[in-house]
Structures are given as structure tokens and as C-alpha cells.
Amino acid sequence: QVQLVESGGGLVQAGGSLRLTCAASGSIFRLDVMGWYRQAPGKQRERVALSGSAGGINYADSVKGRFTLSRDNAKTMSLQMNSLKPEDTAVYYCAGQVYSGGSMYWGQGTQVTVSS
């Protein structure tokens, strides 16, 4: 089993920054794929950023140039969020796969609220 735990959410004013972290634990050596998703009230969950098995990182158009995903090691990653906007308000989820195409594991989510 794989457990993912997020931290770093909170309340920030528009234009501010937050850094989210995600740590994986369990009987694994590495998560090949790790990413961040978010879900705002009344909306579907959407992908924010994804680090694939080939090492590339894909970002949603809405966060390009503002958010940066970093793989800190084989089982942790962070999301640096700058120039935050009220529309970034959502619950942010960490997700990971041991290998591409395998089961997706999810964290419990962390709330990010951006006030105008």
C-alpha cells in the first residue's frame, strides 16, 4: 500500500505564494509518476501539474509560469505556487503511481484559499 500526505495549504492574499509538499510512504522504492490535482467547490477535479516517468513536467494552462512542481526525491515532491489568484482556491490533492498506467494513489487533500 502507498500513503500520500500533503502539507502546506492555507489562506493567502491574491498575489501571494504558498508551497505544498507531498510525501509518500509504504512498501515502495519510488513513485514514477507524481502530480497535483485540485478541486474547487462545484467543479470537477482537474490536473494542475504532472511529473511523468520520462521526467517531463506538464502544467495546466491556467498555472503555467506561476506554479512549479519539483521532485525532491523518489517519494516526495513539492508545488511552489506564486502569483496566486482567487480562482486558484481549491482543495489540492497529491497523486502518484508506482509505474505509469498503474493504480493511482491519492492524498487526503489540503485546502488552499486565496482571498481577493
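The notes below deal with the structure included here. Residue positions within a chain follow its written sequence, with the count starting from 1. Restriction of local features to residues with pLDDT of at least 70 applies here, the model being predicted, together with a cutoff of 80 or more for giving and counting side-chain atom pairs; totals for whole chains, interfaces and linings are based on all residues. To get the side-chain values, take all heavy atoms of the structure and skip hydrogens and water.

## Points about the nonpolar core
Stage number 1. The nonpolar core is taken to be a set of buried Ala, Val, Leu, Ile, Met, Phe, Trp, Tyr and Cys residues, with the residues joined through side-chain atoms within 4.5 Å. Exposure categories follow from relative accessible area, calculated using a 1.4 Å probe and restricted to protein chains: below 20% of the type maximum is buried, above 50% is exposed, and the middle band is partly exposed. Membership of the largest hydrophobic core comes to 27 residues, with the highest contact counts inside it found for Trp 36, Val 48, Phe 67, Leu 79, Met 81 and Tyr 92.
Stage number 2. Numbering of helices and strands starts at the N terminus; helices are DSSP runs of H or I of at least 4 residues and strands are runs of E of at least 2. Elements supplying a minimum of two residues to this core: strand E1 (2-7), strand E3 (18-26), strand E4 (33-39), strand E5 (46-51), strand E7 (67-73), strand E8 (76-81), strand E9 (90-97) and strand E11 (110-115).
Stage number 3. Ranked by the residues each element gives to this core, the list is headed by E3, at 4 residues.

## Considerations on unusual backbone geometry
Stage number 1. Phi is positive for Ser 83, which is not a glycine, with a value near 50°.
Stage number 2. Note on placement: Ser 83 falls in the loop between E8 and E9.
Stage number 3. Taking the relative accessible area as the measure of exposure, Ser 83 reaches 40% and is therefore partly exposed.

## Side note on the pattern of salt bridges
Stage number 1. Salt bridges are counted wherever a side-chain nitrogen of Lys or Arg sits within 4 Å of a carboxyl oxygen of Asp or Glu. Summed over all chains, the structure comprises 5 salt bridges.
Stage number 2. Asp 32 serves as the salt-bridge partner of Arg 30, at 3.3 Å between the closest nitrogen and oxygen.
Stage number 3. Taking the relative accessible area as the measure of exposure, Asp 32 reaches 25% and is therefore partly exposed.
Stage number 4. As a salt-bridge pair, Asp 88 and Arg 38 come within 3.0 Å of each other at their nearest N and O atoms. Here Arg 38 lies in strand E4 and Asp 88 lies in the loop between E8 and E9, a separation of 50 residues in the sequence.
Stage number 5. Residue Asp 88 is classed as buried on the basis of its relative accessible area of 1%.
Stage number 6. Overlapping salt bridges, with partners in common, bring together Arg 38, Glu 46, Arg 66 and Asp 88 in one network.

## Some remarks on the environment of Ser 7
Stage number 1. Looking at the element boundaries, Ser 7 is found in strand E1.
Stage number 2. We classify Ser 7 as partly exposed; its relative accessible area is 35%.
Stage number 3. Spatially, the C-alpha atom of Ser 7 lies 5.3 Å from that of Thr 21, the residues being 14 residues apart in sequence.
Stage number 4. If near-sequence neighbours (up to four positions away) are discounted, Ser 7 is found in contact with Arg 19, Leu 20 and Thr 21.
Stage number 5. Within the structure, Ser 7 has its side chain in polar contact with the side chain of Thr 21 (distance 2.6 Å). Contacts are assigned to residue pairs that have any heavy atoms within 4.5 Å of one another. Whenever two N or O atoms come within 3.5 Å, that pair is a polar contact, provided that in protein one can donate a hydrogen and the other can accept it, and provided that, for residues adjacent in sequence, both atoms are side-chain atoms.

## With respect to the sheet that holds E1
Stage number 1. Two strands qualify as a pair provided DSSP detects at least 2 bridges between them. With respect to topology, 4 strands assemble into an open sheet ordered E1-E3-E8-E7, the strand pairing being antiparallel. Of all strands in the sheet, those bounded by a partner on one side alone are E1 and E7. Sheet twist, expressed as the average angle between the axes of neighbouring strands with direction ignored, equals 20°.
Stage number 2. By the bridge criterion, 6 bridges tie E1 to E3 in an arrangement that is antiparallel. By the bridge assignment for E3, Val 5 is matched with Ala 23. Whenever a helix is involved, its axis is fitted only over the stretch in contact; in every case the axis is a line through C-alpha atoms, and angles between N-to-C directions fall within 0 to 180 degrees.

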